[in-house]
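# Coordinate analysis (summary)
What follows is the residue order along each chain.
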Amino acid sequence: MQRRTFLKNSATGTAGLVSSSVLASCGEMDKSVKALPQEMENVRPIVICTWDFHNASAKAWEVLKDGGSSLDAVEMGVKVEEADIENQTVGVGGRPDRDGKVTLDACIMDKNGNCGAVLCMQNIAHPISVARMVMEETPHVMLAGKGAEQFAMEQGFNKTDLLTEKSKKEWMEWKKTSKYQPIINIENHDTIGMLAIDKNGDLAGACTTSGMAYKLAGRVGDSPIIGAGLFVDNAVGAATATGVGEEVVRTVGSFLIVELMRQGKSPQEACEEGVKRIIEKNRNKLDFQIGFIAINKKGETGGYCIQPGFTYRTFSKAGHVNNPSDSYITS
Ligand code: GLY
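Time to look at the site of the ligand. Around the ligand lies a shell formed by Asp190, Thr191, Gly211, Arg219, Gly221, Asp222, Ser223, Gly243 and Gly245. Between Thr191 and the ligand, the recorded distance is 3.1 Å, taken from a side-chain N or O atom to a nitrogen atom. Here an oxygen atom of the ligand and a backbone polar atom of Gly245 are 2.9 Å apart. Starting from 200 Å² of accessible surface for the ligand in isolation, the protein chains cover 100%. Here the residues of the shell around the ligand sort into no nonpolar, 6 polar and 3 charged.

Met194 and Phe292 are the most contacted members of the largest nonpolar core, which has 82 residues in total. Formed by 6 residues, the second largest nonpolar core is a distinct cluster that contains Val92, Val102, Leu104 and Leu163.

All right, on to the pairing of strand E9 (residues 290–296) then. Two faces belong to every sheet, and in a regular strand the side chains alternate between them. Of all 7 residues in E9, 7 are buried; the element is thus mostly enclosed. Here E9 shows two buried faces, one formed by Ile290, Phe292, Ala294 and Asn296 and the other by Gly291, Ile293 and Ile295. Examined bridge by bridge, E9 and strand E10 (residues 301–305) share 5 bridges and lie antiparallel to one another. Within the sheet, the bridge partner assigned to Ala294 lies in E10 and is Gly302. Turn length for the E9-E10 hairpin, with the two strands adjacent in sequence and antiparallel, is 4 residues, and the turn residue Gly299 shows positive phi of about 90 degrees.

What follows is about the packing of aromatic side chains. Both the distance between ring centres and the angle between the ring planes are used here to describe each pair of aromatic rings. Evaluation of the coordinates by the stated rule reveals 5 aromatic pairs. Both rings, one in Trp61 and one in Phe315, keep their centres 4.9 Å apart while their planes meet at 10 degrees; by these two values the pair is stacked. Taken as a pair, Trp61 in helix H4 (residues 54–65) and Phe315 in strand E11 (residues 311–316) lie far apart in primary sequence, 254 residues in all. With respect to burial, Trp61 and Phe315 carry one shared label: buried. Ring pairs connect the aromatic residues Trp51, Phe310 and Tyr312, which therefore count as one cluster.

All right, on to the side chain of Thr208 then. The topology assignment puts Thr208 in strand E6 (residues 203–209). Among the residues examined, Thr208 registers a relative accessible area of 0% and is labelled buried. For Thr208, the side chain forms a polar contact with the side chain of Glu82, separated by 2.7 Å. Discounting chain neighbours no more than four positions away, the residues touching Thr208 are Val78, Glu82, Val90, Asp105, Ala106, Pro127, Asp190, Thr191 and Ile192.

Moving on, we get to the pattern of salt bridges. Counted according to the given criterion, the structure contains 19 salt bridges. Where Asp52 meets Arg313, a salt bridge forms, and the shortest distance between an N and an O atom there is 2.6 Å. Of this pair, Asp52 sits in the loop between strand E1 (46–50) and H4 while Arg313 sits in strand E11, and the two are 261 residues apart along the sequence. The exposure class assigned to Arg313 is buried, which follows from its relative accessible area of 11%. The residue Lys59 makes a salt bridge to Glu62 at a minimum N-O spacing of 3.5 Å.

The next point concerns the sheet that holds strand E8 (residues 237–243). In space, the 5 strands of this open sheet follow the order E7-E8-E9-E10-E13, with mixed pairing throughout. The open sheet terminates on both sides in strands that have one partner only, identified here as strand E7 (230–233) and strand E13 (326–327).

As a further point, take unusual backbone geometry. Cis rather than trans, the peptide bond between Arg44 and Pro45 has omega equal to 0 degrees. A positive phi is found at Asn123, a non-glycine position, where the angle reads about 70 degrees. One can find Asn123 in the loop between strand E3 (115–121) and helix H6 (127–137). By relative accessible area, which is 19% here, Asn123 ends up buried. Of note in this structure, Tyr214 is not a glycine but carries a positive phi near 60 degrees. Assessed through its relative accessible area of 8%, Tyr214 is described here as buried.

Take the sheet that holds E3 next. Spatially, E4-E3-E2-E6-E5-E1-E11-E12 is the arrangement adopted by the 8 strands of the open sheet, whose pairing is mixed. The sheet is open, and its two borders are formed by strand E4 (142–144) and strand E12 (319–324), each paired with just one other strand. Neighbouring strand axes in the sheet, compared pairwise and without regard to direction, differ in orientation by 10 degrees on average. Examined bridge by bridge, E1 and E11 share 5 bridges and lie antiparallel to one another. In the sheet register, Ile46 faces E11, and the bridge partner there is Ser316. The strands touched by H6 are strand E2 (104–109), E3, E4 and E6; relative to E3, the strand with the most contacts, the crossing angle is about 135 degrees.

Thresholds applied
- All residue numbers refer to positions counted from 1 along the written sequence of the respective chain.
- At least 70 in pLDDT is required for a residue's local features to be given in this predicted model, at least 80 for side-chain atom pairs to be given and counted, and no such filter applies to totals for whole chains, interfaces and linings, which use all residues.
- The basis for the side-chain values is all heavy atoms of the structure; hydrogens and waters are excluded.
- A cutoff of 4 Å decides nearness: a residue is near a molecule or strand if any of its heavy atoms lies inside that distance of it.
- Any pair of N or O atoms that falls within 3.5 Å is considered a polar contact. Within protein, one atom must be able to donate a hydrogen and the other to accept it, and sequence-neighbouring residues count only if both atoms are side-chain atoms.
- Under the convention used here, a 1.4 Å probe and the Shrake-Rupley method define accessible areas, while residue burial counts only the protein chains that appear.
- In this classification, the charged set is Asp, Glu, Lys and Arg, the nonpolar set is Ala, Val, Leu, Ile, Met, Phe, Trp, Tyr, Cys and Pro, and all remaining amino acids, among them Gly, are polar.
- Joining through side-chain atoms within 4.5 Å is the link that ties buried Ala, Val, Leu, Ile, Met, Phe, Trp, Tyr and Cys residues into a set, and such a set is a nonpolar core.
- For each residue, the accessible area found with a 1.4 Å probe, counting protein chains only, is set against the maximum for its type, and the residue is called buried under 20%, exposed over 50%, and partly exposed in between.
- Starting at the N terminus, helices and strands are each numbered in turn, a helix being any DSSP run of H or I of at least four residues and a strand any DSSP run of E of at least two.
- The pairing criterion for strands is at least two bridges between them, as found by DSSP.
- Classification of ring pairs rests on two measures: the distance between centres of Phe, Tyr or Trp rings, Trp counted by its six-membered ring, which must be within 6.5 Å, and the angle between planes, read as stacked under 30 degrees, edge-to-face over 60 and tilted in between.
- Should any heavy atoms of two residues lie within 4.5 Å, those residues are counted as being in contact.
- Whenever Lys or Arg places a side-chain nitrogen within 4 Å of a carboxyl oxygen from Asp or Glu, that contact is recorded as a salt bridge.
- Axis lines are fitted through C-alpha atoms, for helices just across the contact stretch, and the angle between N-to-C directions can take any value from 0 to 180 degrees.

Below, the structure written as structure tokens:
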């Protein structure tokens, strides 16, 4: 089935980056591989992700260093966290909603602006792979709830019980008071968002979460919403978010950050401005966490958050680093 293309692949934008020396050296080069400035030749491939998800970034790097695509890298990378039952904020083992059901959200976006998402999906361990199938195998962008689950089963995904004993026990304990009060950097340590540039200089991103612990049934945050939890523009850069999704949705955070980079801001400046927009709307009640990370076409990265405690991983030829993010609130 032919895919709709949502955003035009801005060949003109990329062409603007090509230096004459690189053009001169292109020679017999594959025309589909865009020539890029020297500084980017030095940095790519590269992957970055929210929080200290070192196994996930290592997996993505494995794909990238062997010449794999950024799309495969981000899918394979975040799948590590989806499969980790010790991680109670993503995939299997995620904390349930207030009724005891684990519901997962994920989205993925490629270099051509194609995207796919699943929302509030139960019983399937790898929502990111289902999101990719929505992108590649259907004319749609989002599938939700039972429909997403049905589609996944039709595509050969196995039914999996996502609620582990540990998460079930904690939920039953929570039910005694049913107090909904997310703890900064614990319940909100929620999402893996991952962005990558491959050897061809092409960008992709993925984002996956079990959402806020003990949320209302049916609640969906920013993570599967293209533009909010994730946005990729191959001519400019990409951004992704973690934290209280409602606030990210209100400012269409990731899209905003990519647009700010398009206007000339660095990834760091753009993340800071993205957080500032959220702060402006919440001056009287800044008791939640939001973190953004971003990468531009040159492979420059940035991250910023509201509360101290957020970190993000980068993995490139320069090494595998857990970067502490600057925060708006400093103590
Ligand atoms: N950022 C994840 C969520 O709010 O669901």
